[in-house]
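Next come the chains, spelled out residue by residue.
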Amino acid sequence: MGSDALTERAWGSTSTSDPSSTRTTNGAHGLRTASDVTLPDPTPIIPYWSAKRHLTCGNPAPRSSSARLFPWRGSAPGKLKTANAALVLCLNIDVDPPDIIKTNPCAALECWVNPHSLPSHKALEAIGSNLQHQFEGLSLKIPYKPILDPSYEDLRRFCITLRKQAKDETVCFYYNGHGVPKPTPSGELWCFNRNYTQYIPVSLMEVQTWLGSPGVYIWDCSAAGHLLNNFIVFAERRDQDAFTTRGGYADGMQPYMNSLQLAACAAHEQLPTCPELPADVFTSCLTSPIDIALRYFIMTHHLPNNITPDMVMQLPGDLKDRRTPLGELNWIFTAITDTIAWTTFPRDVFTRLYRSDLLIASLFRNFLLAERIMKNYHCTPQTHPPLPATNTHQLWAAWDLALDTCLRQLPELLAKTPGVSSSPPSPVTGARSGQRGSSSAPHNEKPYQYVPSRFFTDQLTAFEVWISRGGSALTKRGPLSLPVQNGGDRCDTPDGVNGATTSDADLVPRKPPDQLPIVLQVLLSQPHRLRALILLSQFVDLGPWAVNLVLTIGIFPYISKLLQAAGQDLRPVLIFIWARILAVDPSVQVDLYNTGGFKYFANVLATQEDNELPNSSEHKAMCAFILSAVARDFYNGQMACWRERVFDACSERLEEGDFLLRQWSALCIAQIWDSNDEVKVYGVDRGIQDKLILMLSDDSPEVRSAVLYALSTFMGAAGGKGQGGSGTGTQYQLEERIHFRMEVAVATGATLAVRDDASPMVRKELLVLISCLVREWRGHFVVCAWMYWEEDRRWRTGDSCAYSHHTEDEVTAQALAEWLDGFGDDEGAREENRVLLSSFFTIFVVLIELTIDPYHEVATLAQTVMDYIFALLLASPFARLDLVPPLPVDYKPAGINGVHSRAGSTQSSPLMQHTQPSPSLSRPTNTLRRTSSFVNTLRHLAGGIPFPSTDDARAPPSPVPSSLSRSDVLIASRPPSPNFNVAQYASPYSRPPTPSRDKERERDLNSPPVSPTAVPANFLPSHVMEALVEEDMVRLRARRRGGAHGRRSAGSGLGHGGGSAGGGMNSPCESTFSMDSNVSNVPLGCGTGNGLRDVLPLKSSFFAWCCEYFTEPQMRQTEADEPGSVQYNYQVWRQQRNEQVITETQKQAIVAESSRWDRPVANLHVNNHPLCMAMHAYDPHLVVANDTDMISVWDWTQRKRLNYFCNGNPKGTSITSLQVINQDVGGIIMTGAADGIVRLYRNYDATLNQGPLQMVSSFRALHEMIQVRRGSGLVLDWKQSGGTLLIGGDSRIIRVWDAHTETQVLDLDTNCESSVTSITSDQGSSSTFIVGFADGLVKVFDRRLEEEDAIVRSYHDHHSWVQNVKYHPRVSGQFLSASLAGEIRLWDIRGPDKAAQSWDLHHAGLATFDVHSQTGVFATTSALTPANFRHQRLMIHSISESSPLSTLSLPTGLNMYPSRSPSPYIPRHTSFAFHPMEMLYAVGQSDGSVKITGCKLT
């Protein structure tokens, strides 16, 4: 079954693309692949907390260093660009060289000119002219210089001139030595003296000296291999000497070994003399491949209609016009040779030879034809670098077919195309011509209609077949897999993200289809373009490796030009492909900016008409992503997007119904105003920051995270690679105080909106935002830390303790009053500063809560921020105020189990006199656990020791039972880690702790913090407050001045401030001190933060995580949804097995209502007291929680423990609720503990090889935990069908959480002073639920009504703790309840307030009560009493019968009566749980034994 993300999206919005999922149904152009069409309808099963965000928490997947993709732009050191060319012809017509014996007849044509048909000097000129034209057909931009029969001096002069003109670029040197002797074995070629009476040898050493490096050398002569081999020897020698003597070449000059060579034959071979071929067959193949290919085809194939070589040379058309026969053949030839090279050569060689320079690419492309033809004449053309043989490649058969198809139409073409002469070509022009024939027809006859080749159509079909028939499949490494150099060393899906197992990681993508370069050529054709783009989009959808392959082939220039096309039909597919390209290689942002291509996407994003674009919202989201990538870390891109009104378009899209568009609109805004003062000013003028804050109530966690990311970049966090800082910039249009208030309001509004968010990803982004405020307004946070510190010491020592100078109540209040008195009679300023400091204090308290967040990453990041504040506090003058004596390290606050309420101290805080107290401060025992030892905290920081990663709450329970093995103790040391636990703590001190400082650390832990100076303080706390606050304002003024005068220029590239402690600039007070007016020469807080590491603001990885969405497949099913895959087959098996279980249990449920329930099934022994149990509905799994924080998972059929782990709730609390959710598709364990936190775990069954046990998510479900003498902790009820989580317990509210949105949707007042003890909801579509209370009340709530009317029924028959309430399994509208007094009642919601039926089964008290969810049976166990504690009475009773079905006496294993319950939150010693489906139940006893018993159905 697929991820829940698709269902979540359908539930919350109208589109079906979700970054939480890797599936989309529409793709780039509303198309579905062939494999999608045959898929069955998915079963509507909703697995919650299983989306990508839950497995990654906004962290991008780690990539190994070996997984880097090949650089498609080519390596800069070896890149070649041809500047000019020398065409050296040493023919000496009519004079044969002495070492050559020619046959008769013999090959004569040179550049398609017969040199003996003209006078020798005219023939030489004609040959030189033709050769120049042939080279110009390869590349017109290069000047070619024919050098005809040169002397030694001329050759030297021309070569030196060429190098001067080329500077550091490449020189092409062509040498035709058909009229001179063969090169010597020592590496000498030949030219002439001035009188042409002697052959003059020219050493290649000299040629290298003249031409320098780099160069492209073409050797067309017999024994050309001598030149190639000796050139390499000389080049290696030169390069070695240069590196030995001079340490390398000067800048711009490349090694001689970087030069390229093409030789006509090997050193021992002679050029072919076949009269049917030209004498310069090698040159003909390189410069006029179509002509020689046609001639060669006629020579080797027999065609009908007596087609002759002369007829072939008259094939009409233009090489540049693909609609003509000649142009089409040239087009096909280019595609085929490109494909042969792509599929044969290494990727780096292909990129260097075929994608660096047009002339070099044409020469090496045509070289493949030369190799094919000349090897048939016992010549072996050679190259440097050496290339694999390609003359037998299978695609040559496709080339022959294309030639055959074309030439069969030749007689008709020649007969009906006037102006085409059937006579042989002239000796001067030969067969080379740019255009042949005429398109005009005779007046009395229509011209012949040329039938185009089906080559490209067939190749596209083959490409489509490859994609639709397993293109996305993975395979083992081998000849049919993707080469390693293109990302074939791993699968693009990281382990654990989408359920990939260890065996999946050994699989790699398949070898790409051979037709990929042909698809690139098809983009040039208008008729095939749309189909080619659609296929290309389906290919790049396979993953980053596919995008890299496409870029390496050279699609980028073509896809860039297509942005200038006006066709509406190309829009969707172009947007899709460009999104994939930018997701894989963000560096193309510069190309999009330089060419103006980004305007294409800006126009689409701004379009209001949705009917112009299919799947409009999704494609606009892609445009927003593309534009955000253009603006990221690129100032020019930011300003260009701003000028194109992209910022405005994104702000308008923030209210769209599609969540993906909202998400990327916010992210695009974040990148445009990242470190850009002008855009931030523009955004503030339009109130964008306020609009974003209102979006923090969005249903999508991804949108909320994106909004926080945008606000963080607004507040100074780095959106790219920089450090960040500088707050909201200059904001020169605002007054100074308004600017200050705006920054505080943004952070406060965001903090209050998402502090209780259930998604740890959202809470992480909130911390980034808070860290920006801490960096810029550190003085205010130091003040808050000092006030909190003083209050903390007060409640630790007791309110009655007084000191010699001040009572603790007076310290903070007096300091605040004196500070406010400094504003004189300005009541407005007094109130404003009080409110602002109160806002800082609110954020500070939330930050403290986040330091003990149950999700490890969130807590780690919060500790980094908080420790930075503490370090500032130690460095501030507050540390010199010795107002109270330090406390001993072993000091313990008064109270049971260390419990001490700070509600009173918080309400008496001077900050809270005119503001509503924060509810989070009412129970610091749980929420502020980490601050219970401020002394140790500050001492750690004083010694530069970072906080330890574990604390006493995560230690194993003490004492450790002897039955626990050492491995159990290690496992239980801390709760399971999330999948991607990548957050790292950053100490505020630059000196990291080392082993040599162990003694120093011990000394720090056992001594109070040392004051910065031994001079006693003679200033007051209010003076310090004034100095710190003023320092913040001075820093703001400096930022406003510095930003106004030091803005980045438009030409700057990456621009992020950072590195200094002053928020992107030096602190204005680093070299000065604030002097208090009342106390002379007392340095106060200026320069706060100097000497500390610049660890703030925090760095977010959310944008990179969101970008991964565009590297994941969207057009095909996920592996789990692909029929035939292992995951798919497993889920199909589960579904069938589950249906079979349901069918069987429905039959058994009828019999079980009248049968005995005493059939023994299994006995297990677990550690400690099994106080909470839950059984899986379909798998034989039993989850048991003990009286502290340990959870064990058992396979009760095998009597085997599957897992054992720590829940992580604080010492002194217990796990009070246990559920298994998503049981249809596997299972996730959900726990609720008395600390108010819900935690979820996956992969608890190690036998399935799904990976290690991991925490999926965790969040604080209840903040307002009230102090009661006997509490119930946290009570939860999970409704799988609606994804609803009901939370109650030691609280006066019942909170309703929505698993779809991971937000609290409703708080219902219980109207009761006692704790909630049980909650149950109807598993149907009803919105009602039933709640039992500790005082015996039972209430029925309806979530659809207003809060004051939500309680629709109340029942008062019970007079003691309601142990459980359960709906009647067979009768709608009825439910049962039981109290600890032993009273059991059956209620009818539709009837009167009196019970419909009553049972009193245990006069001495009841311990547990449960109702089977499938059959009309309930069970009770008796309470343990001093008179009867060795045995416990278990009764299984039918709801419809008066007598019990079974009564069992179970031994408890106790030797003495326990004086109190194992847990203060659970008023019982044993536990009981029915199986959700089968006719089974489990009973947990005090001795750690669990008995599973069943019903006797026969």
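Parameters at a glance
Residues numbered from 1 in each chain as written. Predicted model: local features only at pLDDT ≥ 70, side-chain atom pairs only at ≥ 80, totals over all residues. Heavy atoms only, no water. Helix = DSSP H or I, 4+ residues; strand = E, 2+ residues; numbered from the N terminus. Buried < 20%, exposed > 50% of the residue type's maximum accessible area, 1.4 Å probe, protein only. Contact = heavy atoms within 4.5 Å. Areas by Shrake-Rupley, 256 points an atom, 1.4 Å probe, with all protein chains shown as cover. Salt bridge = Lys/Arg side-chain N within 4 Å of Asp/Glu carboxyl O. Core = buried A, V, L, I, M, F, W, Y, C linked by side-chain atoms within 4.5 Å. Pairing = 2+ DSSP bridges. Axes fitted to C-alpha atoms, helices over the stretch in contact; angles between N-to-C directions. 1 Å grid on protein atoms, 1.4 Å probe; cavity = no way out; pocket = protein on both sides within 12 Å on 5 of 7 lines; lining within 4 Å. Points joined across faces, edges and corners; volume = space filled by probe spheres on them. Parallel < 35°, antiparallel > 145°, perpendicular 65-115°, else oblique. Left-handed = near helix turned anticlockwise from the far one by under 90°. Nonpolar A, V, L, I, M, F, W, Y, C, P; charged D, E, K, R; others polar. Patch = residues over 30% accessible without salt bridge, like charges linked within 9 Å, V, L, I, M, F, W, Y side chains within 5 Å. Lys, Arg positive; Asp, Glu negative; His and termini not counted. Charge placed at Lys NZ, Arg CZ, Asp CG, Glu CD. Phe/Tyr/Trp six-rings, centres within 6.5 Å; stacked < 30°, edge-to-face > 60°. Lys NZ or Arg CZ within 6 Å of the ring centre and 35° of its normal. pLDDT = per-residue confidence, 0-100. Expected span 1.5 Å × (residues − 1).

### Quick look at the overall build of the protein chain
Piece 1. In terms of regular secondary structure, the protein chain is built from 44 helices and 40 strands.
Piece 2. Looking at the protein chain residue by residue over its 1498 residues, the buried ones come to 61%.
Piece 3. Considering only residue pairs separated by 6 or more positions, the protein chain has 71% of its internal contacts joining residues 24 or more positions apart.
Piece 4. Summed over all atoms, the accessible surface of the protein chain reaches about 56,900 Å², with 51% contributed by carbon and sulfur.

### Considering the pattern of salt bridges
Piece 1. Overall, the coordinates contain 49 salt bridges when judged by the stated rule.
Piece 2. Across the salt bridge formed by Arg662 and Asp698, the nearest N and O atoms sit 2.8 Å from each other. In this pair, Arg662 sits in helix α27 (residues 659-672) while Asp698 sits in the loop between α29 (688-694) and α30 (701-714), placing the two residues 36 residues apart along the sequence.
Piece 3. Across the salt bridge formed by Asp1342 and Arg1344, the nearest N and O atoms sit 2.8 Å from each other.
Piece 4. A cluster of three or more residues bridged by salt bridges with shared partners is formed by Glu743, Arg775, Glu776, Arg1039 and Asp1094.

### With respect to the nonpolar core
Piece 1. Core analysis: the biggest nonpolar cluster contains 321 residues, and Tyr175, Trp219 and Phe539 have the highest contact counts within it.
Piece 2. Looking at this core, the element that brings in the most residues is helix α36 (residues 856-875), giving 12 residues.
Piece 3. Grouped together as the second largest cluster of nonpolar side chains are 21 residues, Leu1240, Ala1261, Trp1278 and Trp1297 included.

### Topic: the sheet that holds strand β29 (residues 1351-1355)
Piece 1. Spatial ordering of the open sheet is given by β26-β27-β28-β29, a layout of four strands whose pairing is antiparallel. Looking at which strands have only one partner, the edges of the open sheet turn out to be β26 (1316-1321) and β29. For this sheet, the mean inter-axis angle between neighbouring strands, taken without regard to orientation, is 20 degrees.
Piece 2. Where β26 meets strand β27 (residues 1328-1333), five bridges bridge the pair, whose relative direction is antiparallel. Of the residues in β27, the one forming a bridge with Ser1318 is Gly1332.

### Points about the sheet that holds strand β39 (residues 1480-1484)
Piece 1. Taking strand neighbours across the sheet as the criterion, the four strands line up as β13-β40-β39-β38 in an open arrangement whose pairing is antiparallel. Two strands close off the open sheet at either side, each with one partner strand: β13 (1159-1165) and β38 (1471-1474). In this sheet, neighbouring strand axes are inclined to one another by 15 degrees on average, regardless of whether the strands run parallel or antiparallel.
Piece 2. Pairing of β38 with β39, which is carried by four bridges, proceeds in the antiparallel orientation. In the strand pairing of β39, Phe1474 is matched with Tyr1481.

### Points about empty space enclosed by the protein
The probe, sized like a water molecule, is rolled over the atoms to show the empty space still left.
Piece 1. Counted under the stated rule, the structure contains 10 cavities of 30 Å³ or more.
Piece 2. Space inside the second largest cavity adds up to approximately 110 Å³.
Piece 3. If you go around the second largest cavity, the residues you meet are Arg755, Asp756, Asp757, Arg763, Val846, Glu849, Leu850, Asp853, Pro854, Phe1259, Arg1260 and His1263.
Piece 4. Counting only elements with at least two residues in the lining of the second largest cavity, the list comes to α35 (827-851) and β21 (1254-1260).
Piece 5. Among the elements that take part in the lining of the second largest cavity, α35 stands out by supplying three residues, more than any other.

### Quick notes on the packing of helix α6 (residues 204-211) against helix α7 (residues 224-246)
Piece 1. Interhelical geometry of α6 versus α7 gives an angle of 60 degrees and a closest axis separation of 9 Å. What the angle tells us is that α6 and α7 run oblique. For α6 against α7, the interelement crossing comes out right-handed. On α7, the residues that touch Leu204, Met205, Gln208 and Thr209 of α6 are Leu227, Asn230, Phe231, Phe234, Ala235 and Arg238.
Piece 2. Here the residues of the contact of α6 with α7 are counted per class, giving six nonpolar, three polar and one charged.

### Description of the packing of helix α18 (residues 526-540) against helix α21 (residues 571-584)
Piece 1. Here α18 crosses α21 at 35 degrees, and the two axes come no closer than 9 Å. The handedness of the crossing between α18 and α21 is left-handed. Here Leu530, Leu533, Ile534, Leu536, Ser537 and Val540 of α18 lie close against α21, whose contacting residues are Val573, Leu574, Phe576, Ile577 and Arg580.
Piece 2. Residues of the contact of α18 with α21, tallied by class, amount to nine nonpolar, one polar and one charged.

### Overview of a positive patch on the surface
Piece 1. A surface patch of like charges, here positive, comprises Lys79, Lys81, Lys141 and Lys561.
Piece 2. As for its placement among the helices and strands, Lys561 is situated in helix α20 (residues 556-561).

### Observations regarding unusual backbone geometry
Piece 1. For the bond running from His384 to Pro385, omega is 5 degrees, close enough to zero to count as cis.
Piece 2. One can find Pro385 in the loop between β9 (382-384) and α14 (395-407).
Piece 3. A cis amide bond links Leu1096 with the next residue in sequence, Pro1097, at an omega value of -5 degrees.
Piece 4. Phi is positive for Cys111, close to 55 degrees, though the residue is something other than glycine.
Piece 5. Looking at where Cys111 falls in the secondary structure, it is placed in the loop between β1 (82-89) and α4 (120-138).
Piece 6. A positive phi is found at Trp112, a non-glycine position, where the angle reads about 60 degrees.

### Focus on the side chain of His1263
Piece 1. The topology assignment puts His1263 in the loop between β21 and β22 (1274-1279).
Piece 2. Among the residues examined, His1263 registers a relative accessible area of 4% and is labelled buried.

### Side note on the packing of aromatic side chains
Piece 1. One pass over the structure, following the stated rule, counts 60 aromatic pairs.
Piece 2. Pairing Phe463 with Phe539 gives two aromatic rings, centres 5.7 Å apart and planes at 50 degrees, and the pair type is tilted. Of this pair, Phe463 sits in helix α16 (residues 455-468) while Phe539 sits in helix α18; the two residues are 76 residues apart in sequence, bridging distant segments of the chain. The pair Phe463 / Phe539 is uniform in exposure class, with both members buried.
Piece 3. Taken together, Phe625, Trp664, Tyr709, Phe1102, Phe1103, Trp1105, Tyr1109 and Phe1110 form an aromatic cluster joined through their ring pairs.
Piece 4. Taking the ring centre of Phe158 as reference, the NZ or CZ of Arg157 above it sits at 5.1 Å.
Piece 5. Positioned above the aromatic ring of Tyr256, the side-chain terminus of Arg238 is 5.3 Å from the ring centre.

### Some thoughts on a negative patch on the surface
Piece 1. A surface patch of like charges, here negative, comprises Asp1309, Glu1346, Glu1347, Glu1348 and Asp1349.
Piece 2. According to the relative accessible area criterion, Glu1346 is exposed, its value standing at 54%.

### Thoughts on the pairing of strand β40 (residues 1489-1494)
Piece 1. Burial analysis of β40 places five of its six residues in the buried class, which makes it a mostly covered element.
Piece 2. Relative to β40, β13 runs antiparallel, the two sharing six bridges. Following the sheet pairing, Pro1160 is matched in β40 by Thr1493.
Piece 3. Taken together, the five bridges between β39 and β40 define a ladder with antiparallel strand orientation. Counted as the bridge partner of Gly1484 is Val1490 from β40.

### Concerning the confidence of the model for the protein chain
Piece 1. Averaged over the protein chain, the pLDDT score is 79; the fraction of residues at 70 or greater is 79%.
Piece 2. In this model, residues 486-503 is a region of pLDDT below 50 whose contacts with residues beyond four sequence positions or in other chains number 52 contacts.
Piece 3. Here residues 1044-1086 is modelled with pLDDT under 50, and outside its nearest four sequence neighbours on either side it reaches 106 contacts, counting other chains as well.

### Digging into the environment of Asn548
Piece 1. Structurally, the position occupied by Asn548 is in helix α19 (residues 544-553).
Piece 2. Counting along the chain gives 36 residues from Asn548 to Val584, while the straight-line C-alpha distance between them is 7.5 Å.

### A word on helix α44 (residues 1126-1152)
Piece 1. Between its first and last C-alpha, α44 extends 37 Å over 27 residues, near the 39 Å set by a 1.5 Å rise per residue.
Piece 2. Of the residues making up α44, those classed as buried are Tyr1128, Gln1131, Arg1134, Arg1137, Asn1138, Val1141, Thr1145, Ala1149 and Ala1152.
Piece 3. In this structure, the buried residues of α44 make contact with β35 (1417-1422) and β37 (1444-1451).

### Describing the environment of His856
Piece 1. Mapped onto the elements of the fold, His856 is located in helix α36.
Piece 2. You can call His856 buried: its relative accessible area is 17%.
Piece 3. A C-alpha to C-alpha distance of 7.6 Å links His856 and Pro978, two positions 122 residues apart in sequence.

### A look at α16
Piece 1. Relative to the 20 Å expected for 14 residues at 1.5 Å per residue, α16 spans 20 Å between its end C-alpha atoms, a close match to the ideal helical length.
Piece 2. Residues of α16 that are buried include every one of Phe455, Phe456, Thr457, Gln459, Leu460, Phe463, Trp466, Ile467 and Ser468, and no others.
Piece 3. Just downstream of α16, Gly470 is the residue with a positive phi angle, here 95 degrees.

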